Amino acid sequence: MRFKCGTHCFFKSLGVLISAEARINERIRVPEVRLVGPSGEQVGIVRTDDARKLAYEADLDLVEVAPKAKPPVAKIMDYGKFKYEQDQKAREARKNQQQTVVKEQKFRPKIDEHDYQTKKGNVERFLEKGNKVKVTIMFRGREQARPELGYRLLERLAEDIGELGVVESRPKQDGRNMTMVFGPARKGKK
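Counting of residues starts from 1 at the beginning of each chain's written sequence and follows it residue by residue. Residue-level local features of this predicted model are given only where pLDDT is at least 70; pairs of side-chain atoms are given and counted only at 80 or more, and the full residue set underlies all totals for whole chains, interfaces and linings. Processing note: side-chain calculations cover all non-hydrogen atoms of the structure and skip hydrogens and water entirely.

In this analysis, strands are considered paired if DSSP registers two or more bridges between them. Secondary structure is summarised from DSSP: a helix means a run of H or I of at least four residues, a strand means a run of E of at least two, and numbering begins at the N terminus for each. If you walk across this open sheet you meet the four strands as E8-E9-E11-E10, and the pairing is mixed. With one partner strand each, in any of the chains shown, strand E8 (102-107) and strand E10 (165-174) form the two edges of the open sheet. Within the sheet, the average angular offset between the axes of one strand and its neighbour, ignoring direction, is 20°. Note that strand E9 (residues 132-138) and strand E11 (residues 177-184) share six bridges and pair antiparallel. To get an axis, a line is fitted to the C-alpha atoms, and for a helix only the part in contact is used. The angle between two axes follows their N-to-C directions and goes from 0 to 180 degrees.

Structure follows, in C-alpha cells:
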C-alpha cells in the first residue's frame, strides 16, 4: 500500500520512508557531512550542527545533495531559488518533448466505397497532424471465416496512404479484430 503525504511516500509493506526531495536544514540527521560552500568551494568534512550554523549565518539553507555518499555531501545554498530553477528546467524539458498520440479508425470488411473514402480521409488527416493511427477491422459472425477480406482492405489502405504514412506493424488477427498501425512518414530536411 502507498500513502502520499506532501513530498514523502510511505510504502507500508516495505516500512521505508522515501523522499522525493533533498533533505534540508534540521532534516539532515547524520553526524557529519562533506560541506560545499555557497560559491562551490570545498570546506571539508564538518559536523552537521556546525554546517547548519554556517548556513544560518549566511542566511542560506543546508541542502543534502548526495545522501548516498560516505559521508553525505551537503551544500550551502538558497533552496527556494534552487527549487525554482529545477522547476523551470523541468518545464522547459516538457515543452520540448513531443507527445505521440495513437488515434484509432475502425473499418468493417464489407465497407462501401464512400465510407471507405471518408475513413481513409480521417486516417490521412491524423497522419498529417503527426499522430500514429491504429486501423481496426471488426469481423462479426460469418465474416470471421474470411480474414483475407480484412487483410486485402488493410493492404489497399496502406497503398492509398503510402506517401503520408509508413506501416509500423503488419496486419495481425486478434480475436474478432484485425489491426494494423501506421506512423507518420518522416519528411527529409531540405
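The discussion continues.
Summary of the burial criterion: residues with accessible area below 20% of their type's maximum are buried, those above 50% are exposed, and those between are partly exposed, where the area comes from a 1.4 Å probe applied to protein chains only. With four of five residues buried, strand E7 (residues 73-77) lies mostly within the body of the structure. Taken together, the three bridges between strand E4 (residues 32-36) and E7 define a ladder with parallel strand orientation. Looking at the pairing, Arg 34 lines up with Val 73 of E7. Sheet analysis places strand E6 (residues 61-66) next to E7, joined by five bridges and oriented antiparallel. Each residue of the ladder has a partner; that of Val 63, found in E7, is Lys 75. Between E6 and E7, which pair antiparallel one after the other, the connecting turn spans six residues.

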